[in-house]
Amino acid sequence: MTVDAQIQSLERVAKEQRYYAVHLSEVNRKQDVTATGDIYAENGLLIVPKGTRIDHATADRILQFRLIQPLEEQVRLEHTLTHEEINKEFQTHLNSYPDCCTYRPTSSIKKAN
């Protein structure tokens, strides 16, 4: 990988990390977002202790460093959906709107003029 490609890759990762950290701080206004473990910078410095809420100040602190692990692997949302809950909701909607599962050949659909 060339030096330019490495720089572009690092810039992309930094941009993604910045977006994610700011987004988490916004989500934290509606539900708790907490660190699942200690969050460390690449140089070994502890940035955020385990259990800390990710608010704007914490997100700003995180953004000042390159992390050892991706941020999305080190946080937890208070309210998340399990695949069972998603499936249950999906089935409820399918049962409420049975036409969603009805096959209609393209030739039977009337075209708007």
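On to helix 2 (residues 56-63). Within an α-helix, residues lying three or four positions from one another point in the same direction, as the helix has 3.6 residues per turn. Of the positions making up helix 2, those classed as buried are T58, A59 and I62. End-on view of helix 2: buried residues confined to an arc of 100°, all on one side of the axis. One side-chain oxygen at the N-terminal end of helix 2 lies 3.3 Å from the backbone nitrogen of A57; it belongs to D55.

For Q74, the location among the structural elements is in the loop between helix 2 and strand 4 (75-77). Take Q74: its relative accessible area is 4%, and that puts it in the buried class. Here P70 takes part through its backbone oxygen, which lies 3.3 Å from a polar atom of the side chain of Q74. Ignoring sequence-local partners within four residues, the contact set of Q74 consists of T34, A35, T36, G37, D38, I39, Y40, L67 and Q69.

Next up on the list: the confidence of the model for the protein. On average, residues of the protein carry a pLDDT of 80, and 80% of them reach 70 or more. At the level of individual helices and strands, the protein shows its lowest average pLDDT in helix 1 (residues 3-27), which scores 69, and its highest in strand 3 (residues 46-48), which scores 96.

Rules and cut-offs
Residues numbered from 1 in each chain as written. Predicted model: local features only at pLDDT ≥ 70, side-chain atom pairs only at ≥ 80, totals over all residues. Heavy atoms only, no water. Buried < 20%, exposed > 50% of the residue type's maximum accessible area, 1.4 Å probe, protein only. Helix = DSSP H or I, 4+ residues; strand = E, 2+ residues; numbered from the N terminus. Arc of directions from axis to C-beta. Polar contact = N/O pair within 3.5 Å; in protein donor to acceptor, adjacent residues only side chain to side chain. Contact = heavy atoms within 4.5 Å. pLDDT = per-residue confidence, 0-100.

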